[in-house]
Amino acid sequence: MEANKRNSILFIILIVAAFALFIINISLGSIAIPLKDVFKSITGSIASKETWQYIIVNYRLPKAITAVLVGMGLATSGLLMQTLFRNPLAGPYVLGLSSGASLGVAMIILGASLLPVSVSAFLLSSYGIVLASSLGSFLVLLAVLAVSYRLKDTMAILIVGLMFGSLTSAVVNTLTYFSTAEELQKFTFWSLGSLGNLSWTAITILFIAVLIGLSLSLISIKSLDALLLGENYAKSMGLNYKKSRLLIILATSIMAGSITAFAGPIAFIGLAVPHIAKLVFQTSNHKILFWSTVLFGAIIMLICDSIAQVPGQDFSLPINAVTSLFGAPIVIWLLVRKKKMMG
Amino acid sequence: MDSTILSSSNLSIGYKSKKDEIVIAKDLNLNLGAGKLTALIGANGIGKSTLLKTLTGIQKPLSGTVLINGEDIHKMNPAALALHLSVVLTERLPPSNLSVFELVALGRQPYTNWIGTLSKIDIAKINEAMERSQITHLAHKKHYEISDGQLQKVLVARALAQDCPIIVLDEPTTHLDLLHKVALFKLLKKLTQETNKCILFSTHDIDMAIQLSDEMILMTPESITQDMPCNFIANGSFNRLFNDENILFDNQKGKFIIS
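Residues numbered from 1 in each chain as written. Chains lettered and ligands numbered in written order. Predicted model: local features only at pLDDT ≥ 70, side-chain atom pairs only at ≥ 80, totals over all residues. Heavy atoms only, no water.

*Asks:* Explain the overall build of chain B here, please?
*Replies:* Counting its secondary structure elements, chain B contains 8 helices and 13 strands. For 259 residues, the compact-globule estimate of 2.2 N^0.38 gives 18 Å, and the C-alpha radius of gyration of chain B, at 19 Å, lies within 12% of that figure. For chain B, the accessible surface area stands at approximately 12000 Å², while carbon and sulfur atoms represent 51% of it. (Helix = DSSP H or I, 4+ residues; strand = E, 2+ residues; numbered from the N terminus. Rg over C-alpha atoms; globule rule 2.2 N^0.38 Å. Areas by Shrake-Rupley, 256 points an atom, 1.4 Å probe, with all protein chains shown as cover.)

Written out as structure tokens, the structure reads:
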């Protein structure tokens, strides 16, 4: 029961940290806004300067919310993939889900000109892009899953994911060759990844998508626990394997797809964050891992975004660069101290 | 045979490929009773695992049925089957941080709510299973920190916690030294006597199986027969097991000797 007490304290610390970082994230940027004013404007009162109010409501708050949603969603889909594929190195980026989403988006941005205007107008809207991107990651996930059936070795699955990633980027490259400069620019900006510039409508769509994904994950917690012993044991304990696997796959592709659609492909969060949660809480119990992964996802994405803004400077770094700087060393460290506990 | 729980009728086992069927055995009529420890023996590659997989519902039979209390297990849904039958498999566990207690607790999944919360009854059953398997002192260790022999007992405890009348184990004594083999066999024997469970296990430790099990299922290329160990000894069945002139079964000593 001591472990329970420890976990409760950890959860309280994480929740407080997430709120604090949310406020700090909003206050930092090319113009520093005092925490007091940040707090005022997001709770509904008026900040002491009108420009501050404007910056917060139209730029910083949407970006902070996006960071939280992206962090939560990517980290959770990483956790689901790691348990489903029984592989500590699985994650939406590694398994090629982000590439699949890229392919979906590329098809739309670069290929829309080939379609009638009425169709392309819908496809180029936020809904169209989310749909294409989720579909892209769903198809890649299905393909990886189909191949993984024939492979007993879980490491081979990663290589398969990598290959699908290469395949989809090859198709994307071919598409760029045939597209106009304007389309190309639009796609390039998207593929660099960015948490900013999302309209409130886009954030609402992203919020709904992540909420659906997280809810599906929440009802999969029991199956995920059963899958810790492998497919056959899980079935012997009454798990409807096909149904559970479908739910897990749907949750992952909805989250990874929609996030990639709006924020571009973001590396390493899905892979590294679940490990941080596992390391801190020292458990494989998904009831605890789910919530801790969600919280750590939000926290780490907020930190990465705060670093990316380079406080006090006029320029900002691409978010992908920051998450890679943070995530790549973790992966190397994991491989070096590859022990049985990773899971 | 009033105590029969698990039985097969005209069962054919094997694999279906695109072109044809590979039949491993056919016309199997086995009867496993409550409170009986049954050992499944046979040479490597004879199809013990296939038989166990078919009897536990993991693999479909080519024809015939497997019945639990008269109900066809291949028509039951996994949730219903999980209340009748629990398993200990040979496959290695995927990497995880599970503690021994958590691993045993997973056996309660058929009874817990949608998110897997353990009730007081569940916790009592888990503790009982751990006590019976003598692993209570390991409860807070991680499952990768304990020895193979201890892990095997933990897996038995998990199957016990599932609280089913039937437990099927696939080669539970492989990789264990003599001491732990004996300990595991005695544990299985004790469980059948104390809890009146029907326990079926496959093994290569034939001498020990002869001494401890109530019944045996003998798999040879020609036939699959079920009988009591003393009858198998009396009719010389063990000599048919390997079909090799270098290995002989000594009826007096009750074990194999190299000639």
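*Asks:* What should I look at first to understand the interface of chain B and chain A in this one?
*Replies:* In many analyses, interface size is given as the accessible surface area lost on bringing the parts together. Counting residues at the interface gives 32 residues for chain B, matched by 28 residues for chain A. Where chain B abuts chain A, roughly 2700 Å² becomes buried across the two surfaces, and 59% of that area is made up of carbon and sulfur atoms. Contact with chain A buries area across many residues of chain B, yet N97, Q109 and I115 of chain B alone supply 22% of it, more than any other trio. The interface formed by chain B and chain A contains 9 residue pairs in polar contact (both at pLDDT 80 or more). Only α2 (78-81), β7 (85-88), α3 (100-105) and α5 (148-161) of chain B provide two or more residues apiece to the side of chain B that touches chain A. A per-element tally of the side of chain B that touches chain A places β7 of chain B first, with 3 residues. Its residues assigned to classes, the side of chain B that touches chain A comprises 19 nonpolar, 9 polar and 4 charged. (Contact = heavy atoms within 4.5 Å. Buried area = accessible area lost by both parts, 1.4 Å probe. Polar contact = N/O pair within 3.5 Å; in protein donor to acceptor, adjacent residues only side chain to side chain. Nonpolar A, V, L, I, M, F, W, Y, C, P; charged D, E, K, R; others polar.)

*Asks:* Can you walk me through the packing of helix α13 (residues 269-281) of chain A against helix α15 (residues 319-336) of chain A in this structure?
*Replies:* For any two helices packed against each other, the geometry comes down to the angle between their axes and how far apart the axes lie. All names here are of chain A. In contact at an axis separation of 9 Å, α13 and α15 are set at 60 degrees when each is read in the N-to-C sense. In terms of orientation, α13 lies oblique with respect to α15. As α13 packs across α15, the resulting crossing turns out to be left-handed. Across the interface between the two elements, I269, L271, A272, H275, I276 and L279 from α13 touch T323, F326, G327, I330, V331, W333 and L334 from α15. Of the residues in the contact of α13 with α15, the class split is 10 nonpolar, 3 polar and no charged. (Axes fitted to C-alpha atoms, helices over the stretch in contact; angles between N-to-C directions. Parallel < 35°, antiparallel > 145°, perpendicular 65-115°, else oblique. Left-handed = near helix turned anticlockwise from the far one by under 90°.)

*Asks:* Would you explain the pairing of strand β8 (residues 166-169) of chain B in this entry?
*Replies:* Remember that side chains alternate between the two faces of the sheet whenever the strand is regular. Residue and element names in this part refer to chain B. Judged by which residues are buried, β8 turns out to be covered on both faces: I166 and V168 on one side and I167 and L169 on the other are all buried. For β7 and β8, the ladder comprises 4 bridges, and the chain directions are parallel. Following the sheet pairing, L85 is matched in β8 by I166. Of the strand pairs in this sheet, β8 and strand β9 (residues 198-202) are connected by 4 bridges, and their pairing is parallel. For L169, the partnering residue across the bridge sits in β9 and is F201. Each parallel crossover has a hand, and the one from β8 via helix α6 (residues 178-195) to β9 is right-handed. (Buried < 20%, exposed > 50% of the residue type's maximum accessible area, 1.4 Å probe, protein only. Pairing = 2+ DSSP bridges. Right-handed = clockwise from strand over helix to strand, strands pointing away.)

*Asks:* Explanation requested: the environment of K278 of chain A in the structure shown.
*Replies:* In this fold, K278 of chain A is placed in helix α13. C-alpha separation for the pair K278 of chain A and K222 of chain A, spaced 56 residues apart in sequence, amounts to 17 Å.

*Asks:* Can you help me understand a nonpolar patch on the surface in this one?
*Replies:* Together, F207, I208, L211 and I212 of chain A line one region of the surface with nonpolar side chains, adding up to about 350 Å² of accessible area. Residue classification places I208 of chain A among the partly exposed positions, given a relative accessible area of 43%. (Patch = residues over 30% accessible without salt bridge, like charges linked within 9 Å, V, L, I, M, F, W, Y side chains within 5 Å. Salt bridge = Lys/Arg side-chain N within 4 Å of Asp/Glu carboxyl O.)

*Asks:* Would you mind showing me how to read the environment of D205 of chain B here?
*Replies:* Residues and elements named next belong to chain B. Along the polypeptide, D205 turns up in the loop between β9 and α7 (206-212). Remark: the alpha-carbon pair of D205 and V168, spanning 37 residues in sequence, is separated by 17 Å. If we skip the residues at most four places from it in the chain, D205 touches T173, K181 and F185.

*Asks:* Any chance you could explain the sheet that holds strand β4 (residues 37-42) of chain B here in plain terms?
*Replies:* Each strand in a sheet pairs with its neighbour through backbone hydrogen bonds, running either in the same direction (parallel) or in the opposite one (antiparallel). Residues and elements named next belong to chain B. Spatially, 6 strands are ordered β7-β8-β9-β4-β10-β11 in an open sheet, and the strand pairing comes out mixed. Looking at the sheet topology across the chains shown, the edges are occupied by β7 and β11 (224-227). Across the sheet, the axes of successive neighbouring strands diverge by a mean angle of 15 degrees, strand direction being ignored. Together, β7 and β8 form the strand contacts of α5, whose direction differs from that of β7 by roughly 170 degrees. Most of the contacts of α6 go to β9, to which it runs at about 155 degrees, and overall it touches β4, β8 and β9.

*Asks:* I'm lost on the nonpolar core in this one. Help?
*Replies:* Generally speaking, soluble globular proteins have nonpolar side chains that are buried together. Membership of the largest hydrophobic core comes to 187 residues, with the highest contact counts inside it found for M81, F85 and I266 of chain A together with L51, V104, M216 and F238 of chain B. The element best represented in this core is helix α3 (residues 50-84) of chain A, accounting for 16 residues. Leaving out residues up to four positions away in the same chain, M216 of chain B has contacts with T38, A39, I41, I206, A209, I210, T225, Q226, D227, P229, F232 and F238 of chain B. (Core = buried A, V, L, I, M, F, W, Y, C linked by side-chain atoms within 4.5 Å.)

*Asks:* How should I be thinking about the side chain of D37 of chain A in this particular structure?
*Replies:* Residues and elements named next belong to chain A. Tracing the sequence through the fold places D37 in helix α2 (residues 35-42). The side chain of D37 sits in the buried core without any salt bridge; K40 is the nearest counter-charge, 4.6 Å away. Look past the residues within four positions of D37 in its chain and what remains in contact with it is A47, S48, W52 and I56. (Lys, Arg positive; Asp, Glu negative; His and termini not counted.)

*Asks:* What am I meant to see in the pairing of β9 of chain B here?
*Replies:* Residues and elements named next belong to chain B. With 5 of 5 residues buried, β9 lies mostly within the body of the structure. Neither face of β9 is left uncovered, since the one carrying C198, L200 and S202 and the one carrying I199 and F201 both have all their residues buried. Pairing between β4 and β9: 4 bridges, direction parallel. Bridging from a neighbouring strand, L40 pairs with S202 of β9.

*Asks:* Quick question: what am I supposed to make of the packing of aromatic side chains here?
*Replies:* Centre distance and the angle of the planes are the two values used to describe a pair of aromatic rings. For the coordinates displayed, the defined rule picks out 10 aromatic pairs over all chains. Their ring planes at 65 degrees and their centres at 6.4 Å tell us that Y54 of chain A and Y59 of chain A sit as a pair that is edge-to-face. Judged by centre distance (5.0 Å) and plane angle (75 degrees), the ring pair of F249 of chain B and F256 of chain B falls under edge-to-face. Taken together, the aromatic side chains of F232, F238, F242, F249 and F256 of chain B make up a single cluster linked through ring pairs. Over the ring of Y111 of chain B we find R108 of chain B, and its NZ or CZ is 4.1 Å from the ring centre. (Phe/Tyr/Trp six-rings, centres within 6.5 Å; stacked < 30°, edge-to-face > 60°. Lys NZ or Arg CZ within 6 Å of the ring centre and 35° of its normal.)

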